[in-house]
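An overview of the molecular structure
Below are the chains, spelled out letter by letter.
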Amino acid sequence: MHISRLALDRYRSWDSCVLDFGPGVTILQGRNGLGKTNLVEAVEVLATGGSHRASSSLPLVKRGERSAVIRANVEDDGRTTTYELTVSARGANRARINGGRSVYMRDILGRIPCVTFSPEDQRLVSGDPAARRGFLNQAGALLDRTYWDVAQRFAHVAQQRGALLRQIAQAGRNGTPMDAALSGLEIWTGQFIEAGVALTRARKALTDRLSGPFADIYARLSNNGGEARLEYAPSFAEVLELDAPEMEISRHFQRIYPGEAARGVNLIGPQRDDVSVLLDGVPAREYASNGEMWTMALALRMALFRAVAEQGTRPVVILDDVFAQLDESRRAQILDFAADQDQVLITVAAASDIPEASGAAVIDVASLLPDTQEGAVQRDTAQEGAAR
Ligand SMILES: Nc1ncnc2c1ncn2[C@@H]1O[C@H](COP(=O)(O)OP(=O)(O)OP(=O)(O)O)[C@@H](O)[C@H]1O
């Protein structure tokens, strides 16, 4: 499977842009800030519904615009399919397949499997839990057809319950009556528990599915440098212990009610989940070296790749600006891995960062800029740089 054409409208820095790709390795080259990452990020968004760089749709849409469109032609087994996603700055995203009727974004998620490696990946191990939840959400979009709905439902209920808690906190401060809000809270708490338990179970299943490949791949990349493991650490820990955890979680909510009512926020629930990344049984973010954390992050992405590929289609691999950041041995590990894939899109800023990839096509990103004065200046600068 490979993407043969990518077309963007109003996506981040791009007004409009069309790129053609062949199978195998394509290198997108251009100076810093030209919009290379934006191009490959658009593929990631089309594939997984989200970007590793953004927690909402707003930054994906060109500043001042209301929506962006990402379109890709995908070649698979001699057939071409066009996937289109309209990303709204605010509001629901919509999709189309082969120019057909408008459908939900979830209807195209996972159709273009893709795994991105980026310099920010080390945060998957060293960063805060939000980075790991983002990874799980992307893994869910690629591996579990029902995951997106489950996550969206929870997000909706959490937002409603949070809004009600804010009202209750405000009423408490003002000394105003809050009977209606309290009966509403009981209903939203029930729904929060139900949606939260479903999301916790889905994330636990994903973590278990990735943990085996992650351990194998880490052992290989590190020459048996320790036993790596993933362990899901849910806020609703009761889900791991009980078949029917709802009553126990409800009691937990009763105990923390004074805190929630005073602060006006959801204090427990999957919005606080984490995945423990363990090396020899201890948390890597607290004990592992910088190099070990990098290798673990590579292993996590490769584990996701392997799990997706086991479903039958080899994902498109995106290597976003990784070569300037990695040492020789990790560069070699990534390149070895990329050499076997159907399609690899690589972004690099400097020609000296371009790895030895025989037969790679090179796209000069400056040449994609519109024929404005800015485009002409940036193209000239890029050409001068290339000539030097
Ligand atoms: N929503 C947006 N609207 C307009 N411009 C944006 C938006 N989001 C990001 N940009 C611009 O896109 C540019 C960055 O693009 P990108 O990250 O793709 O660069 P890059 O070529 O990958 O650079 P580097 O080599 O430094 O990683 C910045 O100039 C940034 O201001």
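Cut-offs used in this document
- Residues numbered from 1 in each chain as written.
- Predicted model: local features only at pLDDT ≥ 70, side-chain atom pairs only at ≥ 80, totals over all residues.
- Heavy atoms only, no water.
- UniProt positions renumbered as here; feature names shortened; annotations may be inferred.
- Axes fitted to C-alpha atoms, helices over the stretch in contact; angles between N-to-C directions.
- Helix = DSSP H or I, 4+ residues; strand = E, 2+ residues; numbered from the N terminus.
- Parallel < 35°, antiparallel > 145°, perpendicular 65-115°, else oblique.
- Contact = heavy atoms within 4.5 Å.
- Nonpolar A, V, L, I, M, F, W, Y, C, P; charged D, E, K, R; others polar.
- Buried < 20%, exposed > 50% of the residue type's maximum accessible area, 1.4 Å probe, protein only.
- Lys, Arg positive; Asp, Glu negative; His and termini not counted.
- Salt bridge = Lys/Arg side-chain N within 4 Å of Asp/Glu carboxyl O.
- Polar contact = N/O pair within 3.5 Å; in protein donor to acceptor, adjacent residues only side chain to side chain.
- Pairing = 2+ DSSP bridges.
- Near = heavy atom within 4 Å.
- Areas by Shrake-Rupley, 256 points an atom, 1.4 Å probe, with all protein chains shown as cover.
- Phe/Tyr/Trp six-rings, centres within 6.5 Å; stacked < 30°, edge-to-face > 60°.
- Lys NZ or Arg CZ within 6 Å of the ring centre and 35° of its normal.

The name an unreviewed UniProt entry assigns to the protein is DNA replication and repair protein RecF, from the organism Bifidobacterium moraviense. The annotation that UniProt attaches to the protein under Subcellular location (unreviewed entry) is "Cytoplasm". Annotation of the protein in UniProt includes, under Sequence similarities (unreviewed entry), the sentence "Belongs to the RecF family."

Their axes nearest at 9 Å, the elements helix α1 (residues 36-48) and helix α3 (residues 129-143) cross at an angle of 60 degrees. On the basis of their axis angle, the class for α1 and α3 is oblique. Residues Glu44, Ala47 and Thr48 of α1 form the contact with α3, whose participating residues are Gln138, Ala141 and Leu142. Among the residues making up the contact of α1 with α3, the classes are represented as 3 nonpolar, 2 polar and 1 charged.

This brings us to the side chain of arginine 133. Looking at the secondary structure, you find arginine 133 in helix α3. One buried charge, arginine 133, has no salt-bridge partner; the nearest side chain with opposite charge is aspartate 274, at 6.3 Å. In this structure the side chain of arginine 133 is engaged in a polar contact, spanning 3.2 Å, whose partner is the backbone oxygen of glutamine 271. Side-chain polar atoms of arginine 133 contact the backbone oxygen of aspartate 273, separated by 2.8 Å. Other than its neighbours up to four places away in sequence, arginine 133 contacts Arg203, Pro270, Gln271, Arg272 and Asp273.

Another point: the UniProt feature "binding site: ATP" (unreviewed entry) in the protein. The positions that UniProt labels "binding site: ATP" (unreviewed entry) are, in the present scheme, Gly30, Arg31, Asn32, Gly33, Leu34, Gly35, Lys36 and Thr37. Here threonine 37 lies in helix α1. For threonine 37, a relative accessible area of 18% gives the class buried. Discounting chain neighbours no more than four positions away, the residues touching threonine 37 are Arg53 and Asp320.

A word on the sheet that holds strand β4 (residues 67-76). What the 6 strands build is an open sheet, ordered β2-β1-β4-β5-β6-β7; its pairing is antiparallel. At either margin of the open sheet sits one strand with a lone partner, and together these are β2 (14-20) and β7 (103-104). Relative to β2, strand β1 (residues 2-11) runs antiparallel, the two sharing 6 bridges. When the sheet's bridge partners are listed, arginine 5 is paired in β2 with aspartate 20.

Lining the immediate environment of the ligand, one finds 16 residues, of which Gly33, Lys36, Thr37, Asn38 and Pro59 sit closest. Between the ligand and the protein, one listed contact pairs a nitrogen atom with a backbone N or O atom of arginine 12 at 3.3 Å. Contact distances for the ligand include 3.1 Å between an oxygen atom and a side-chain N or O atom of arginine 53. Protein chains shield 74% of the accessible area of the ligand, which is 660 Å² for the free molecule. Of the residues that constitute the shell around the ligand, the class distribution is 3 nonpolar, 6 polar and 7 charged.

A few words now on the packing of aromatic side chains. Scanning the entire structure with this criterion turns up 6 aromatic pairs. Ring geometry for phenylalanine 192 against phenylalanine 253: centres 5.7 Å apart, planes inclined by 90 degrees, an arrangement best described as edge-to-face. Of the two residues, phenylalanine 192 is situated in helix α5 (residues 179-221) and phenylalanine 253 in helix α7 (residues 246-263); the sequence distance between them amounts to 61 residues. Taken individually, phenylalanine 192 and phenylalanine 253 each receive the classification buried, so the pair is uniform in this respect. An aromatic cluster is present here, built from Phe154, Phe192, Phe236 and Phe253 joined pairwise through their rings. The ring of tyrosine 104 has arginine 94 lying over it, and the distance from NZ or CZ to the ring centre is 5.0 Å. Note that arginine 161 overlies the ring of phenylalanine 192, its terminal NZ or CZ placed 5.3 Å from the centroid.

The subject of this paragraph is the sheet that holds strand β10 (residues 274-279). A sheet is described by the order of its strands in space; here 3 strands give the open sequence β9-β10-β11, paired in antiparallel fashion. Each of the sheet's edge strands pairs with one partner strand only, and the pair in question is β9 (228-233) and β11 (282-283). As paired strands, β10 and β11 are joined by 2 bridges and run antiparallel to one another. Residue pairing across strands places leucine 278 opposite proline 283, the latter belonging to β11. Taken strand by strand, α3 contacts β9 and β10, and its axis lies near 100 degrees from that of β10.

Take the environment of proline 315 next. On the secondary structure map, proline 315 appears in the loop between α9 (290-309) and β12 (316-320). Once you skip the residues sitting within four places of it in the chain, proline 315 turns out to touch Pro113, Cys114, Val115, Phe305, Val308, Ala309 and Gln343.

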